[in-house]
Amino acid sequence: MKVVNKMEFYKTQSWKRKRAKILRRDGYECLNCKRYGKNRTATTVHHCHPLKERPDLRLASWNLISLCAECHGKMHDRETDKLTKLGEFWREKVTPHPSSTVE
Ligand SMILES: [Zn+2]
Ligand SMILES: [Zn+2]
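Keep in mind the model is a prediction, meaning the values are calculated, not measured.

Trainee: Help me out: how do you make sense of the overall build of the protein in this one?
Mentor: Counting secondary structure elements, the protein contains five helices and two strands. Counting from the amino terminus, the protein carries its helices and strands in the arrangement α-α-α-β-β-α-α. Taking all 103 residues of the protein together, 37% fall into the buried category. Accessible surface for the protein amounts to roughly 6,800 Å². Of this, 54% is attributable to carbon and sulfur atoms.

Trainee: Would you take a moment to explain the coordination of the zinc ion (ligand 1) for this structure?
Mentor: Protein-derived ligands of the zinc ion (ligand 1) are Cys30 (SG), Cys33 (SG), Cys68 (SG) and Cys71 (SG), with the metal-ligand distances lying across 2.2 to 2.4 Å. If you look at the zinc ion (ligand 1), its four donor atoms make angles of 105 to 115° with each other, and the shape they trace is tetrahedral.

Trainee: Where do I start with helix α5 (residues 85–94) in this structure?
Mentor: Note on helix geometry: an α-helix contains 3.6 residues per turn, so any two residues three or four positions apart are oriented the same way. For α5, every residue scored as buried is listed here: Leu86, Gly87, Trp90, Arg91 and Val94. Buried positions in α5, seen along its axis, are confined to an arc of 145° and lie on one side of it. Of the exposed residues in α5, those oriented more than 90 degrees away from the buried face are Lys85 and Glu92. Taken together, the buried residues of α5 touch α3 (31–35), β2 (64–67) and α4 (69–75).

Trainee: What should I look at first to understand the side chain of serine 66 in this one?
Mentor: The topology assignment puts serine 66 in strand β2. By relative accessible area, serine 66 is classed as buried at 0%. Within the structure, serine 66 has its side chain in polar contact with the backbone oxygen of isoleucine 22 (distance 3.4 Å). Serine 66 has contacts with Ile22, Leu23, Asp26, Glu29, Cys30, Leu31, Ala42, Thr44 and Val45, leaving out every residue within four places of it along the chain.

Trainee: I keep staring at the nonpolar core and nothing clicks. Help me out?
Mentor: For soluble globular proteins, nonpolar side chains are generally found buried alongside one another. Formed by 15 residues in total, the largest nonpolar core has its most connected members in Cys30, Ile65, Leu67, Cys71, Trp90 and Val94. Elements with a contribution of two residues or more to this core: α3, β2, α4 and α5. Counting eight residues, the second largest nonpolar core, distinct from the first, contains Phe9, Ile22, Ala42 and Val45.

Calculation notes
Residues numbered from 1 in each chain as written. Chains lettered and ligands numbered in written order. Predicted model: local features only at pLDDT ≥ 70, side-chain atom pairs only at ≥ 80, totals over all residues. Heavy atoms only, no water. Helix = DSSP H or I, 4+ residues; strand = E, 2+ residues; numbered from the N terminus. Buried < 20%, exposed > 50% of the residue type's maximum accessible area, 1.4 Å probe, protein only. Areas by Shrake-Rupley, 256 points an atom, 1.4 Å probe, with all protein chains shown as cover. Donors = N, O, S within 2.8 Å, 3.2 Å for Na, K, Ca; no water. Tetrahedral: all angles 85-135°; square planar, octahedral: opposite > 155°, others 65-115°. Arc of directions from axis to C-beta. Contact = heavy atoms within 4.5 Å. Polar contact = N/O pair within 3.5 Å; in protein donor to acceptor, adjacent residues only side chain to side chain. Core = buried A, V, L, I, M, F, W, Y, C linked by side-chain atoms within 4.5 Å.

Here's what the structure looks like:
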């Protein structure tokens, strides 16, 4: 697998299409806010398994969740660019059962 350049990837048509599809799938609602019964419009799509670690999952629908900007900010550690505790929670949550199919 060739290294995915993060900035280049986010400019690709396939990402833009996928991103739009995920937002639509999630009803344009922030899935993290939803856990707390809040209704917030999602504006970003987050990779639960980070692009850097699992470039092979960059377009896997199950790996992507819609989030509002505030929640998305809480998924990543600003300094290290690593997942925060909340980010790890979501990574754990979305990881499919080995027998389920990956789109
Ligand atoms: Zn949110
Ligand atoms: Zn993210």
